[in-house]
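# Observations on the model geometry
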Amino acid sequence: MTPREILKLLCPPVVRKAFNSIRNNRIKFSGDYSSWKEAENHSSGYDTTLILQKVQESAQMVTSGVAVYERDSVCFYEEAYRWPLLSCLLMIANKCGNQLSVIDFGGSLGSLYFQHKRLLSYINTLSWTVVEQPHFVETGKKQFEDHSLKFQYTLEEAFNNADSGTVLVLSSVLQYIENPFALLKKTSEMGFKYILIDRTPFINAKKDRITVQSVPAPIYSASYPAWFFSSIRFEHLMRDLGYQTVCSFGCDDDVGIGEFKGFLFERN
C-alpha cells in the first residue's frame with residue numbers, strides 16, 4: 001500500500017475534502033446549462049496561442065531534464081504515474097506481443113507520453129501518436145517528435161498509419177468537445193480495438209450536465225464549457241457502440257461535482 005493510500009485511510013473525509021479543495025482551487029466548475037451554446041455565452045473563452053506557448057515552455061523543461069513531466073502547462077518535478085492508465089496500456093501491450101500502438105487524441109505536446117516514457121520504454125515496439133490542433137501538431141513535429149512519439153492532424157490519418165490493435169486514449173478531453181458522442185460513434189465505426197478513457201468527469205444522474213470550467217491566471221486565465229457525463233448513460237452508449245467494459249477506475253481529481261473516472265473498453 002502506498003503512502004497516499006494509507007493517508008486516505010487515516011484521514012477523516014472532511015480533512016481530505018478540505019485538502020482537495022485547496023489543492024484544486026486552480027480550476028472550478030459551475031452552472032447547469034441547457035446547451036453547449038448557452039455555456040459558451042457564459043464563458044470568456046481562451047487564447048489558444050497563449051496556451052500553446054505555456055505548454056511549449058513547460059514541455060521544453062521536461063525534454064531538457066529540468067522537470068519530470070508537465071500537465072496542463074504546469075511542471076512537476078517528481079515522478080508520478082497514472083497507475084491505472086499505465087496498467088491498462090501494459091496489459092494491452094502484453095496481449096499484443098509486447099507491442100503497443102497508442103493514438104492520444106487531444107494529447108497536447110505529448111504530456112502523457114513523457115510522463116510515462118521511462119516505464120513504457122520496456123515495451124519492445126512502442127508507437128505513440130498525438131492528434132491535436134494544427135498549431136500544436138506543427139510545434140510537436142518541429143520540437144518534440146522522437147523514434148516513438150509522432151504528431152498527426154486528424155484521427156483518420158493517425159488510425160490509417162497504426163496497427164490493428166491500436167488503443168485510443170482519451171485523457172481529459174471528451175468533456176471539452178461540443179459533441180463527444182459523435183466522436184465516440186466515429187471511433188467505433190473506424191474500428192478501434194480498445195478505448196482508454198482517463199480523467200473524465202461523471203455524475204450519478206440520468207442525464208448529462210454542461211458546466212463552465214474556470215481556469216485562474218496562474219495557469220492561464222480562461223473559462224469554457226465542460227461536460228459532466230451520466231455514468232449510466234455513458235456505459236449504455238459504449239455497449240450500444242459494441243464495447244464491453246474491461247475495467248473502471250477512480251482518479252485523484254476532486255472538484256466538488258461528481259467524480260473523475262477512467263474506463264478501459266474493448267471492442268466485442
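Okay, so let's go over this structure. Residue positions are given per chain, counting from 1 as you read along its sequence in written order. Only residues with pLDDT of at least 70 are given local features in this predicted model, and only at 80 or more are side-chain atom pairs given and counted; all residues enter the totals for whole chains, interfaces and linings. Side-chain measures were taken over the full set of non-hydrogen atoms in the model, leaving aside hydrogen atoms and water.

### Section: the pairing of strand E8 (residues 194-203)
- The buried label goes to any residue with under 20% of its type's maximum accessible area, the exposed label to any with over 50%, and the partly exposed label to all in between, with areas taken from a 1.4 Å probe on protein chains only. Each helix is a run of H or I in the DSSP string that is no shorter than four residues. Each strand is a run of E no shorter than two, and both are numbered from the N terminus. Of all ten residues making up E8, ten are buried, and the element is well covered by its neighbours.
- Here strand E7 (residues 167-171) pairs with E8 via five bridges, running parallel. When the bridges of E8 are listed, Leu168 appears paired with Ile195.
- Regarding the hand of the β-α-β motif, the stretch spanning E7, helix H9 (residues 180-190) and E8 is right-handed.
- Relative to strand E12 (residues 259-267), E8 runs antiparallel, the two sharing seven bridges. Following the sheet pairing, Phe202 is matched in E12 by Glu259.
- Each pair of strands is called paired provided DSSP finds at least two bridges between the two strands. Relative to strand E10 (residues 222-230), E8 runs parallel, the two sharing two bridges. Within the sheet, the bridge partner assigned to Ile203 lies in E10 and is Ser230. By convention a crossover is right-handed if, when the strands point away from the viewer, the path from the first strand over the helix to the second runs clockwise.

### Brief notes about the side chain of Gln56
- Tracing the sequence through the fold places Gln56 in helix H4 (residues 48-63).
- Here a polar contact means two N or O atoms within 3.5 Å. Within protein one must be a hydrogen donor candidate and the other an acceptor candidate, and residues neighboring in sequence count only if both atoms are side-chain atoms. One polar contact links Gln56 to Gln143, side chain to side chain, over a distance of 3.3 Å.

### Description of the pattern of salt bridges
- Salt bridges are defined by distance alone: a side-chain nitrogen of Lys or Arg within 4 Å of a carboxyl oxygen of Asp or Glu. Across all of its chains, the model carries eleven salt bridges by this definition.
- Note that Glu266 is salt-bridged to Lys95, the shortest N-O span being 3.4 Å. Taken together, the positions of Glu266 in strand E12 and Lys95 in helix H5 (residues 83-95) put the pair 171 residues apart, joining distant regions of the chain.
- Looking at Lys95, the relative accessible area reads 49%, which means it is partly exposed.
- For Lys193, the salt bridge is made with Glu266, and the minimal N-O distance between the two is 3.5 Å. Residue Lys193 is found in the loop between H9 and E8, and its partner Glu266 is found in strand E12; the two are separated by 73 residues along the sequence.
- Under the relative-accessibility criterion, Lys193 is labelled partly exposed at 30%.
- Beyond isolated ion pairs, a larger network of salt bridges with shared partners links Asp72, Arg199 and Asp253.

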